Amino acid sequence: MRPVMPSLEETVGDLLRARKLKLVIAESCTGGLVGDRITNFAGSSEYFLGGIIAYAYEAKTALLGVPRELLLQHGAVSEKVARAMVRGARKRLDADIALALTGIMGPGGETPSKPVGLVYIALATGSTELCRKFLWHGTRIENKNSSATAALTMLKDYLVQTA
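Note that the coordinates shown come from a computational prediction; the quantities given were computed from them, not determined experimentally.

Re unusual backbone geometry
Link 1 in the chain: Each neighbour pair has its own omega, and for G106 with P107 the value is 5 degrees, a cis peptide bond.
Link 2 in the chain: With respect to the element layout, P107 can be found in the loop between β3 (97-103) and β4 (118-124).
Link 3 in the chain: Here K20, not a glycine, exhibits a phi torsion of approximately 55 degrees, which is positive.
Link 4 in the chain: The residue K20 is located in the loop between α1 (8-19) and β1 (23-27) in this model.
Link 5 in the chain: The residue D94 is not glycine, and still its phi comes out positive at about 50 degrees.
Link 6 in the chain: Here D94 lies in the loop between α5 (79-93) and β3.
Link 7 in the chain: A relative accessible area of 68% means that D94 is categorised as exposed.

If you want it as structure tokens, here you go:
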């Protein structure tokens, strides 16, 4: 019989637990999906402080401290806003590591320079800040799932590379 491989969420949890790191997530386009996946496993409270779902500009400003001028100048779906979201989440909950996701899931909402499926995912620690751009081509639900998986993969890869 084949051994069962741990899921991505379990692997991330094991890595966070082993390093005694606390995670927070700021989600916009995924609406809490990443946090949901993290908390599917008993014991996740050992490493997951919580999540902030900041969908509208007002929530990004009030809950994460994203400057309104930044949102107006670059739009919510931008690298600059993703980085501001991840910094704000980490600071607000005093976490060791944070993730932030912002994007356009579709089917509408695109602009000439920002197509449906465009997502920015940021990761921040006390000494590191990363941001990656993705472009998905699925349905709204597929794009949300792809974004959540990409965020968890980005976190796992970071934890493995810095171990």
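So that's the structure; there's more coming.
Quick word on α5
Link 1 in the chain: Compared with an ideal rise of 1.5 Å per residue, which puts 15 residues at 21 Å, α5 spans 22 Å between its outermost C-alpha atoms and is within 8% of the ideal.
Link 2 in the chain: Among the residues of α5, V81, A82, A84, M85, V86, G88 and A89 are the ones counted as buried.
Link 3 in the chain: Following α5 by one or two positions, D94 adopts a phi angle in the positive range, close to 50 degrees.

Comments concerning the side chain of K114
Link 1 in the chain: Here K114 lies in the loop between β3 and β4.
Link 2 in the chain: The side chain of K114 is buried and forms no salt bridge, while E79, the nearest opposite charge, is found at 11 Å.
Link 3 in the chain: Within the structure, K114 has its side chain in polar contact with the backbone oxygen of H74 (distance 2.5 Å).
Link 4 in the chain: Of the polar contacts made by the side chain of K114, one reaches the backbone oxygen of V77; its length is 2.8 Å.
Link 5 in the chain: If near-sequence neighbours (up to four positions away) are discounted, K114 is found in contact with H74, G75, V77, S78 and I104.

Calculation notes
Per chain, residues are indexed from 1 in the order of the written sequence. Local features in this predicted model are restricted to residues of pLDDT 70 or higher, and side-chain atom pairs are both shown and tallied only at a pLDDT of 80 or more, whereas totals for entire chains, interfaces and linings draw on every residue. To get the side-chain values, take all heavy atoms of the structure and skip hydrogens and water. By definition, any uninterrupted DSSP run of H or I lasting at least four residues is a helix, any uninterrupted run of E lasting at least two residues is a strand, and each is numbered from the N terminus. Categorising residues by exposure relies on relative accessible area from a 1.4 Å probe, with only protein chains included: less than 20% of the type maximum marks a residue as buried, more than 50% marks it as exposed, and the intermediate range marks it as partly exposed. One less than the residue count of a helix, multiplied by 1.5 Å, gives the span that helix is expected to have. Counting rule applied: Lys, Arg positive; Asp, Glu negative; His and chain ends not counted. Take a side-chain nitrogen of Lys or Arg and a carboxyl oxygen of Asp or Glu: if they are within 4 Å of each other, that pair is a salt bridge. Identification of polar contacts relies on pairs of N or O atoms within 3.5 Å, with a donor-acceptor requirement for protein atoms, meaning one able to donate a hydrogen and the other able to accept it, and with residues adjacent in sequence counted only if both atoms are side-chain atoms. Contacts are assigned to residue pairs that have any heavy atoms within 4.5 Å of one another.

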